[in-house]
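If you want the building blocks of each chain, they are given just below.
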Amino acid sequence: MAGNEAVTEKKTRVAMPEQEPDYRRRNFEEVPLGYTPEMAVKEASRCLQCKSPSCVEGCPVEIDIPAFIQLIKEEKFDEAIKKIWEKNRLPAVCGRVCPQENQCEGRCVLMKKGRPIAIGNLERFAADFAREKGIEEASPRLVPTGKKVAIVGSGPAGLTAAADLMAKGHQVTIFEALHKPGGVLVYGIPEFRLPKDIVADEVESLERQGAEIECNTVVGRTVTINELFEEGYDAVFIGVGAGLPKFMNIPGENLVGIMSANEYLTRANLMKVYLFPEYDTPIPKGKNVAVLGAGNVAMDSGRTAMRLGADTVRIVYRRSREEMPARAAEIHHAEEEGIEFLLLTNPIRFLGDDRGRVVGMECIKMELGEPDASGRRRPVAIEGSEFEISCDLVIIAVGTDANPLLTRSTEGLKLNKWGYIEADPDTGKTSIEGVWAGGDIVTGSATVIQAMGAGRRAARSIHEYLTHNS
Amino acid sequence: MFEIVKRKEMANGTVILNEIKAPLIAQKAKPGQFVILKADERGERIPLTMADSDPERGTITVIYKVVGRSTELFKGLEVGDSYQDAIGPLGQPTHLEKVGTVVCVGGGTGIAVLHPIAQGLKRVGNRVVGIIGARTEGLLILEEEMRAVSNELFVCTDDGSRGHHGFVTDILKRVLEEENVDLVVAIGPVPMMKFVTEITKPYKVKTLVSLNPIMIDGTGMCGGCRVSVDGVNKFACVDGPEFDGHKVDFDQLMQRLRAYQSEEKTSSKAHRCRLDQ
Ligand code: FES
């Protein structure tokens, strides 16, 4: 029955090898190990090469997916990566952190059979291949336009906008508030999900192509948007991210051992606490850790805590499993690593000891009622169901609000009622002439690829503006 | 890189002054604002309120007490050495306006932060009464500088080795009794600021304090710097570092500042091991 076997084989998705859960839960190495060339070719040959591919419609940056997959199938790996680069500057990043299940892979016709092509894995394979082989995007010889664009924030939106604008011959300078470029890719997403070398490579390649990067520059404080124009910039793109972490606003929240996921992850990732005391920044080593929230950031926090030596890590979430906003793959990874889920549970108060350190949490059980504005069923507290859990570290991962630092210092910049910048969704244009914005500071927390899409659209509009205004 | 152009040891080597080349920050810096410094690749980001800035020379000055691993590392930097990172100016500047008589109370290295503020308050026309203190004479800093910007200056030491034998709060009380005070600015160790606010409260004199909680980014991103002000959480890096002292929960602030005490020991020990190698 060899023939049948071949058919079944063709149907199944080639799984990406991963570090074993028991082993990886205590190290910071990347979890998925990547495809071998054989695996990649095999997975690529499953692609049906649809005439009007719906996967491309699902991609916020419209990569020609069937084309690059075909090239992988033909083992033309270097051409495959060039195909991707036509649309995506950060494939090594996107292949790892995009929610493909809601985008390209979610639209794949094979999805109906539950076996979509592993587009993300293939993208990652092509990008890693290029990195290993030192293949560089040939920068086209462009006539410089003589126009200068300031990019505020070096996260996914800023990096994409910068790359696209440089590809049109404009000069760009990227301003970053922290001491290292990369934004959320560096401070937020952990090493085991996105190795920082990869981000550094991407940034360096932009620099080699002529981008200037100014770290330690807080636009709004060190320099204002107005001053950037005075210095001779022709346009400004704001991609500073959302920032301001949300708290629970319940009693005891300022006890020692309670922190935002932003703080926890920044200590862990940007300041490299997992190398403490080699690196100087400390982090509380929780033995029993509670993470509030159930998005990707919550999973990242919980998995980081596990790697830093926790005995137990519990994700505490007020709705049920179905409503958890994290990617299925992340939830799965977390579970494999021994992270527990305390669902339909809401903390109402933190408990501390006499030194002001958190020792526990009082929670209440919830049940799901009628759907709310978000369409999800609203969690309602069950009266009298209070109970206590003990924990010595609490990480709050319930989202972020708009950071007012830059917006407050920029007169005339129109904000919506939540403090996010009002920008045209198609172009990123703001209320100030010559100023564009995109990413989380416009939409609120979203994904890396959505921010990249916004960077791309803004770059297109900026280019138009710069060429028509000359 | 941010080069140290001047370095001075003060208070028997327990306090260090660094004048640092940072032209962009110097352009903008105002009294009351802070910077974040990081010595090298592995270093911590340490927030320090500036003692001075000179746009012409393109420099900023910080004066810090050597208290742990990171400040030990800072202390080792000589003139010509550089900080890898300097970020700023951060926080809100002090609101300098003419209110009448202002009492400026400084303790320890807080005096360094207080000095430019006192100077600014005097320049806009206030009568400035300075009260500065330290444990002992050898640890007192900037007495002459403070004298120059005060209409009247009181000096206190805990052991009586210089000036009044006792605490800054003793003198403050006397001043409050004797004259009409419109504003008190208190900068120093948290317990000192707490006592100052307790003393001024019955007199209903507005009291500003400058806080230095644990920080990471200094831009409102981590929330580590949150302090409870009037029962509401404020981010010291964005909304502060100055707050109305009568509304600050100092006990909580002290607890939060002790968060990493045991790690600090591990870190300092590891540092010494590295040096010994
Ligand atoms: S230092 Fe991070 S929010 Fe203030």
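Reading guide: rules and limits
Residues numbered from 1 in each chain as written. Chains lettered and ligands numbered in written order. Predicted model: local features only at pLDDT ≥ 70, side-chain atom pairs only at ≥ 80, totals over all residues. Heavy atoms only, no water. Helix = DSSP H or I, 4+ residues; strand = E, 2+ residues; numbered from the N terminus. Rg over C-alpha atoms; globule rule 2.2 N^0.38 Å. Buried < 20%, exposed > 50% of the residue type's maximum accessible area, 1.4 Å probe, protein only. Contact = heavy atoms within 4.5 Å. Areas by Shrake-Rupley, 256 points an atom, 1.4 Å probe, with all protein chains shown as cover. Lys, Arg positive; Asp, Glu negative; His and termini not counted. Charge placed at Lys NZ, Arg CZ, Asp CG, Glu CD. Buried area = accessible area lost by both parts, 1.4 Å probe. Salt bridge = Lys/Arg side-chain N within 4 Å of Asp/Glu carboxyl O. Polar contact = N/O pair within 3.5 Å; in protein donor to acceptor, adjacent residues only side chain to side chain.

Undergrad: I would appreciate a short explanation of the overall build of chain B in the present structure.
TA: Each helix and strand counted, chain B has nine helices and 17 strands in total. Here chain B has a C-alpha radius of gyration of 18 Å; the compact-globule value for 277 residues is 19 Å, and the two agree. Dimensions of chain B, computed from the C-alpha atoms along their principal axes, are close to 60 × 40 × 40 Å. Looking at chain B residue by residue over its 277 residues, the buried ones come to 58%. The long-range fraction of contacts in chain B, counting pairs at least 24 apart against all pairs at least 6 apart in sequence, stands at 65%. With the model as given, the accessible surface of chain B reaches about 11,400 Å², and the carbon-plus-sulfur share is 49%. Here chain B contributes 35 positive and 37 negative side-chain charges, whose respective centroids are spaced 2 Å apart.

Undergrad: So what exactly am I meant to see when it comes to the interface of chain A and chain B here?
TA: In many analyses, interface size is given as the accessible surface area lost on bringing the parts together. At the junction of the two partners, chain A supplies 46 residues and chain B supplies 48 residues. For the pairing of chain A and chain B, the buried interface totals around 3,900 Å² over both sides, and the portion due to carbon and sulfur atoms is 52%. Among the residues chain A hides against chain B, the three largest losses belong to Arg-221, Asn-254 and Asp-280 of chain A. Together they make up 21% of the total. One can count five salt bridges joining chain A with chain B. Two residues, Glu-227 of chain A and Lys-28 of chain B, come together in a salt bridge whose shortest N-O distance is 2.5 Å. Scanning the region where chain A abuts chain B turns up 21 residue pairs in polar contact (both at pLDDT 80 or more). Listing elements by their share of the side of chain A that touches chain B, those giving two or more residues are β5 (258-260), α14 (261-270) and α17 (404-408) of chain A. Looking at which element gives the most residues to the side of chain A that touches chain B, the answer is α14 of chain A, with four residues.

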